Amino acid sequence: MFHLMFSLPCVLVLIRWLLPLPLAGRTKLAGAVVLALASQYHLWSRFSSGSVFSPEFPKSLIILFNWAFGAILLLAVFQLLLDVGALVAALVRRRRVPIPARLRAATGIAAMLLAAVGVMQAIKPPPLKDVEIVVKDLPREFEGYRVLHLTDLHISRLFDAAWTRKLVDDANARGADLIVITGDLIDGNVSEREADVAALRDLRARDGVWVIPGNHEYFFGHSAWMAYFAGLNMKPLDNRHTIIKRGSGQLVLAGVNDVTAPRTGAPAPDLDAALRGAPSGAPVVLLDHQPRNARVSASRGVALQLSGHTHGGMIIGLDQVVARANNGFVSGRYEVDGMTLYLNNGTALWPGFALRLGVPAELTRIMLRRKAP
């Protein structure tokens, strides 16, 4: 079903775009073969590693696949728009309105160019985004406290050792008091990603580096990865919390497992367990990979929830579809029943669909405030 779903845009392109073009039969056949091969990128990924989520091809080939797959998807959308336009025109004129071959060709070129821009936007280092968030009952000792929020690193053959090293250097240069990573750090097993994640050992912040699992950790051996992260001086928060102190002021940092955890036999997210024993009166900052349970978090008195998972929707327009799958949350700041949810666009994204158009990645530095500046 997964591969069939991702084949549908190619089928549309073959029937409604390629077939009507005034090209020789052999040329159309060659084009159809190339399109069909490119559309099965995720199937080839499964053959390369046993998982659609971890393509183990050379980086240049992964970039090429993402460009081709993205171009097919964009072309399918453009062709649908052309068909709708032709249908409306036909209804108005009460006769068939053909789509000119030049217009078809132009949409193909536009799709290829946009896909190239989208891939370049997806794989470049994430820019810094500064955000100020007012936290209810924040102790004065934490006024101006800086939290660097990373999420959805998806370290892989695409986001490799060199990319990770650049990210770590950029993160350390921001001078954060605390670094948090809200899941989906990797795509691949420990044995496949050791060299690519090694630089994470060098992340530095006064109050440490704290990490929770995302759904992708459960695809590749959650317990092994969380133990490995601990060995890299990152502290896991699996349904538990820690207390950060500044003088007499306290801040509770809690983390929960991903909602997909039970599918692999791992404990489900348990906010009650995560907050058990936390000091009353201290504001709670919650790390939860997916934003969908934000209203539950707010009902438990959480002051600030930091999440990822959605990648911000990746493409303008697609973000509205992604929002529907995440209880209306997709990107940025939300006020949820007295709690602030900050939803990071992602430091990177899944190498199976590495495209960004109008939705940039982010290296997010959050400054906590007692009141609005």
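Residues numbered from 1 in each chain as written. Predicted model: local features only at pLDDT ≥ 70, side-chain atom pairs only at ≥ 80, totals over all residues. Heavy atoms only, no water.

- As recorded by an unreviewed UniProt entry, the protein carries the name Metallophosphoesterase and is attributed to Massilia varians.

## A closer look at unusual backbone geometry
Next up, step 1: Positive phi is not limited to glycine here, since histidine 309 has a value of about 80°.
Next up, step 2: With phi around 60°, histidine 311 is a residue other than glycine that occupies positive phi space.
Next up, step 3: Mapped onto the fold, histidine 311 is located in the loop between strand 9 (304–307) and helix 12 (318–324).
Next up, step 4: Histidine 311 gets classed as buried once you look at its relative accessible area, which sits at 8%. (Helix = DSSP H or I, 4+ residues; strand = E, 2+ residues; numbered from the N terminus. Buried < 20%, exposed > 50% of the residue type's maximum accessible area, 1.4 Å probe, protein only.)

## Focus: the packing of aromatic side chains
Next up, step 1: If you walk through the whole model with that rule in mind, you get 13 aromatic pairs.
Next up, step 2: An angle of 50° between the planes, with centres 5.5 Å apart, marks the rings of phenylalanine 53 and tryptophan 350 as tilted. Of this pair, phenylalanine 53 sits in the loop between helix 3 (41–49) and helix 4 (59–93) while tryptophan 350 sits in the loop between strand 11 (339–343) and strand 12 (363–369), placing them 297 residues apart in sequence.
Next up, step 3: Aromatic pair tryptophan 225 and tyrosine 228: ring centres 5.7 Å apart, planes at 85°, arrangement edge-to-face. (Phe/Tyr/Trp six-rings, centres within 6.5 Å; stacked < 30°, edge-to-face > 60°.)

## A look at the pattern of salt bridges
Next up, step 1: Considering all chains together, one arrives at 17 salt bridges under this definition.
Next up, step 2: A salt bridge links arginine 146 to aspartate 177, with the shortest nitrogen-to-oxygen separation between them at 3.4 Å. Of this pair, arginine 146 sits in strand 2 (residues 146–150) while aspartate 177 sits in the loop between helix 6 (161–172) and strand 3 (178–182), placing them 31 residues apart in sequence.
Next up, step 3: Assessed through its relative accessible area of 29%, arginine 146 is described here as partly exposed.
Next up, step 4: Here arginine 165 and aspartate 169 are joined by a salt bridge, their closest N and O atoms 3.4 Å apart. Placement of both arginine 165 and aspartate 169 in helix 6 is noted, with a separation of four residues, approximately one turn of the helix. (Salt bridge = Lys/Arg side-chain N within 4 Å of Asp/Glu carboxyl O.)

## Examining the layout of surface pockets
Next up, step 1: Volume-wise, the largest pocket comes out at about 1,100 Å³.
Next up, step 2: Along the walls of the largest pocket sit 36 residues, with Phe6, Met314, Leu318, Val322 and Phe353 positioned nearest its centre.
Next up, step 3: When residues of the lining of the largest pocket are traced back to their parent elements, those giving at least two are helix 1 (2–18), helix 4, helix 8 (215–219) and helix 12.
Next up, step 4: Here the element with the most residues in the lining of the largest pocket is helix 4; it accounts for six residues.
Next up, step 5: Grouping the amino acids of the lining of the largest pocket by side-chain chemistry returns 22 nonpolar, 10 polar and four charged.
Next up, step 6: Here the second largest pocket is characterised by a volume of approximately 460 Å³. (1 Å grid on protein atoms, 1.4 Å probe; cavity = no way out; pocket = protein on both sides within 12 Å on 5 of 7 lines; lining within 4 Å. Points joined across faces, edges and corners; volume = space filled by probe spheres on them. Nonpolar A, V, L, I, M, F, W, Y, C, P; charged D, E, K, R; others polar.)

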